[in-house]
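One-letter residues, chain by chain:
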Amino acid sequence: MNLLNLKIAWRIITRQKLFSFINIMGLAIGMAACLLIVQYITFELSYDNFHQNGADIYRVKRQNFSGGNLIENTPKTYSAVGPALKSAFPGVKEMTRVTPMEGMVTARQPNGEIIAFNENSLYQVDGAFLRLFSFPMVSGSVNALNNPNTVVITERTAKKYFPNQDAIGKTINLQEQTSGTNLTATVTGVCKDVPANSHLQFDFLVSSDAKAGDWVWPDYYTYIQLSPQTNPKTFEAKLPAFVKKYTSLSTANTNSSFTQGKSNLSNIVLTLQPLKDIHLYSNLSNEISPGGNGNMVWYLGLIAALILIIAYINYVNLSTAKVIERAKEVGIRKVLGSQRLQLIKQFLFESLLLNLISVAAAVAIVVFAMPWFSKLCGVQLSFGLWKDMYFFFGFLAFLAAGILLSAIYPALVLSNYKPVQVLKGKFMNSAQNLSLRKALVVFQFAATIAFMIGTLIVYRQVNYMKDADKGMDMKQTLIVVAPQNVRATDADNQRYLLKDSVFRAEIARNPRVNGVTLSSSIPGENIGYIMSYTSRTQTAGEKSLRLATCEIGSSFVNQFKIKTVAGSTANNWSGKYPTLVLNEAAVTSLGFNSPQDAVGKLVQTKNGRGRVFQNEVIGVIRNFHQTSLKDDFTPIVFRLSDPNSASDYLLKVNADNMPQTIAQIEKTYKSVFSESSFQYFFLDDFFDQQYKAEQHFGQVFSLFSGFAIFVACLGLLGLTLITITQRIKEIGIRKVLGASIPDILLLISKDFIGLIVIASIIAMPLAYWGCYKWLQNYKFRIAINAWYFIVPMLTVLLIAVLTVGYQSIKAALMNPVRSLKVD
């Protein structure tokens, strides 16, 4: 019997080729879209879940308050925090500190050849790093970093620096970029390449020589592993007392390096951040690696579910709409003795077969589209969902539910008909069936219009962030990375300074270069150099806080056309005291009443040895966006660049014949810095990389919104064809009585257009609410206006009119004699 049901189901599917194609295409695209999005969501949710003790691992994050306002929220803490936590709390099993590094790495080969690369995936870590995290070792043990001057490298790095050799016991030399420190380390371990779903991405792990640490410079990412018996909430509640105790000790201990004043540390709050939350739910400054966005992930999940629902709505709609065509079949089968249960079983078999064909087509689409989809998302994905047993059985359960829910209603409706009425031709579609179909059409088009509104607003927001006034002129700015020169001695440093002046002088003579300046931090990156400043004003009194500090060349402000609000930012920065320039946000943070009020005032700073310096504010510049427009303006203090610091070169170049200009600059660079590789990039491209997550989200959102529209229109096409088929005699009679083609078009279209208008009324407030909530993630955002809602509604109406209109016109052009002969 089952084989007979299957054979009948196959014959019905092949006989109704067009409607079977519409159903299969709709379901296949819906399933494929769902599978692609679920694969992406699974990848995003899998971050850091491979660590054996991941549930017990936390990162310590630091908040800094001033006057009750949060001025710093960062995962960077003081080097003393980790050791002090492990000493103070028995519940801390392991602790490690992580400090990112970058610089030139060299390795000498047995034949004397030197392999050298500039690397930026280096971490300096404590010996417990490999015991706390689960990065599998290929050679060596998890204790490979217990001793100073040791390094663990990944398999990929071992092949890169030591091809066809055993890397264990070999030495590498690291010239660290920022400090100029020269470090020689022995390879004591090789680990597997870091998985893509890890927020810690490295090629080198260098052992740290820091012991107890200090409370001076918060430049360390601190991770701790709690014992399973330790309650993280209870532990976190003890941290304020811990901070108070240890910062008091640091202030009292004048012989130690704990030299930062209690007035600064008293505003510090430490909290715990679960390892599993770091990638998707960490909106902190100075992150160790770019994170994802949990809200975006769940938005995509909602899209996946709605696309699949729209596909199944099409199936239900088309099945119930073809009731009249199947009614006589059902009547005859009932006369011949078929029971209701047998009929329901037959319709379920049809649904099963059609769904299985759709699944096969969906899997083929996913396999074909996965490389392209990976590129679109910006992550390396592979179709590995089938290996997950939870997903496999979950998918089977969902498929079974889809088959039942999409087939049971049409099956119950058809099997309930009275054979006598059907065979006499007295059967008509019930009002209940029509109402259900209309409700389903409204739902799918409401979802489609909401998708289109969301797509348009995401697109406009991303473009706004890319095109908005940044407060500075970034165009045609070429960044030349500072050379990696060994400056271990005064003589080395003098040689570097001489080369630096020669290079800048040569570049300034190049007619294709309009300006050259320096900066320790370029726009588009978080400023890592944070210093403590104390100001005194009559209104705010004394304020002490830590502010981002950027060392720039004297022509930086003019070259980038940054507006000077007060004072002077000309090339001469000399004065009685060391001089500073503030941006408007820093003026507010330091408590000055206005930019004019800040000029001429003294601001106190303190170095690592506790020595106090007075600095004079000589000018205030307009706020510019140092980082993404997602964030507010960063309060920045600008100091004249120290010749000894490793500042990048910022060149304003002509747009004409750019390849030749770059070639000339490279030639000059290599003639001066022959030991260093020439690295460059354009500032505007670098700045826009901050919006990669939004761009990928917008692209994916647009793609699947297009899928939703396509699937919805497939259903609309099917319903139109069925409607025309059922009303073909009516159309013929109306033509005989004088109806024109526009009359016929209006007759068929008006119901669908009315449903789309209702769908728009439902979709608009829901889309507004969702988009409004999403835009709150951005400090600088577009205003939501009516066109973002009108355009999607008109677009869907136009697509619907074209879809319905084409088939309606074909029916209207048919000879009425043929229409009236249709059985």
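Bear in mind that the values here come from a model prediction, so they are computed numbers and not experimental data. (Residues numbered from 1 in each chain as written. Predicted model: local features only at pLDDT ≥ 70, side-chain atom pairs only at ≥ 80, totals over all residues. Heavy atoms only, no water.)

Q: How do you make sense of helix α24 (residues 787-813) when you look at a structure like this?
A: For the α-helix, the turn length of 3.6 residues means that residues three or four positions removed from each other point alike. When the terminal C-alpha atoms of α24 are compared, their 37 Å separation across 27 residues agrees well with the 39 Å that a helix rising 1.5 Å per residue should span. At glycine 805, α24 shows its largest bend, some 25 degrees. (Helix = DSSP H or I, 4+ residues; strand = E, 2+ residues; numbered from the N terminus. Expected span 1.5 Å × (residues − 1). Bend = angle between axes of the 7 residues up to and from the residue.)

Q: What exactly am I supposed to notice about helix α19 (residues 658-672) here?
A: Under the 1.5 Å per step criterion, the end-to-end length of α19 is 21 Å for 15 residues, consistent within 8% with the ideal 21 Å. Turning to α19, its buried residues are Met658, Thr661, Ile662, Ile665, Thr668, Tyr669 and Val672. Each buried residue of α19 lies within a common arc of 125 degrees when the element is viewed along its axis, so the set occupies one face. In α19, the exposed positions that point more than 90 degrees away from the buried face belong to Pro659, Lys667 and Ser671. (Buried < 20%, exposed > 50% of the residue type's maximum accessible area, 1.4 Å probe, protein only. Arc of directions from axis to C-beta.)

Q: I'm lost on the pattern of salt bridges in this one. Help?
A: Note that side chains of opposite charge can pair when their charged atoms are close. Applying the stated criterion across every chain yields a total of 14 salt bridges. Across the salt bridge formed by arginine 509 and glutamate 506, the nearest N and O atoms sit 2.2 Å from each other. The exposed category is assigned to arginine 509, whose relative accessible area is 59%. Glutamate 506 gets classed as partly exposed once you look at its relative accessible area, which sits at 35%. Salt bridges here are not isolated pairs; linked through shared partners, they connect Arg156, Asp193 and Asp203. (Salt bridge = Lys/Arg side-chain N within 4 Å of Asp/Glu carboxyl O.)

Q: What exactly am I supposed to notice about the pairing of strand β22 (residues 648-653) here?
A: Side-chain positions along a regular strand alternate between the two faces of the sheet. Counting buried residues in β22 gives six out of six residues, a clear majority hidden from the surface. Both strand β14 (residues 513-519) and β22 contribute to a ladder of six bridges, which runs antiparallel. Bridge pairing in β22 places threonine 517 opposite leucine 650. (Pairing = 2+ DSSP bridges.)

Q: Can you help me understand the side chain of histidine 51 in this one?
A: With respect to the helices and strands, histidine 51 occurs in the loop between α2 (17-45) and β1 (57-66). Polar side-chain contacts of histidine 51 include one of 3.0 Å to the backbone nitrogen of serine 134. Contact partners of histidine 51, with chain neighbours within four places excluded, come to Phe133, Ser134, Phe135 and Leu275. (Polar contact = N/O pair within 3.5 Å; in protein donor to acceptor, adjacent residues only side chain to side chain. Contact = heavy atoms within 4.5 Å.)

Q: Explain the packing of helix α22 (residues 728-736) against helix α23 (residues 741-775) here, please?
A: Relative orientation and spacing of two packed helices are given, respectively, by the angle between their axes and the distance between those axes. One can describe the packing of α22 onto α23 by two numbers: an axis separation of 10 Å at closest approach and a directional angle of 150 degrees. Of the possible angle classes, the one that applies to α22 and α23 is roughly antiparallel. In this structure, α22 meets α23 at a crossing whose hand is right-handed. Here Glu730, Ile731, Arg734 and Lys735 of α22 lie close against α23, whose contacting residues are Ile744, Leu747 and Ile748. Of the residues contributing to the contact of α22 with α23, the split by class is four nonpolar, no polar and three charged. (Axes fitted to C-alpha atoms, helices over the stretch in contact; angles between N-to-C directions. Parallel < 35°, antiparallel > 145°, perpendicular 65-115°, else oblique. Left-handed = near helix turned anticlockwise from the far one by under 90°. Nonpolar A, V, L, I, M, F, W, Y, C, P; charged D, E, K, R; others polar.)

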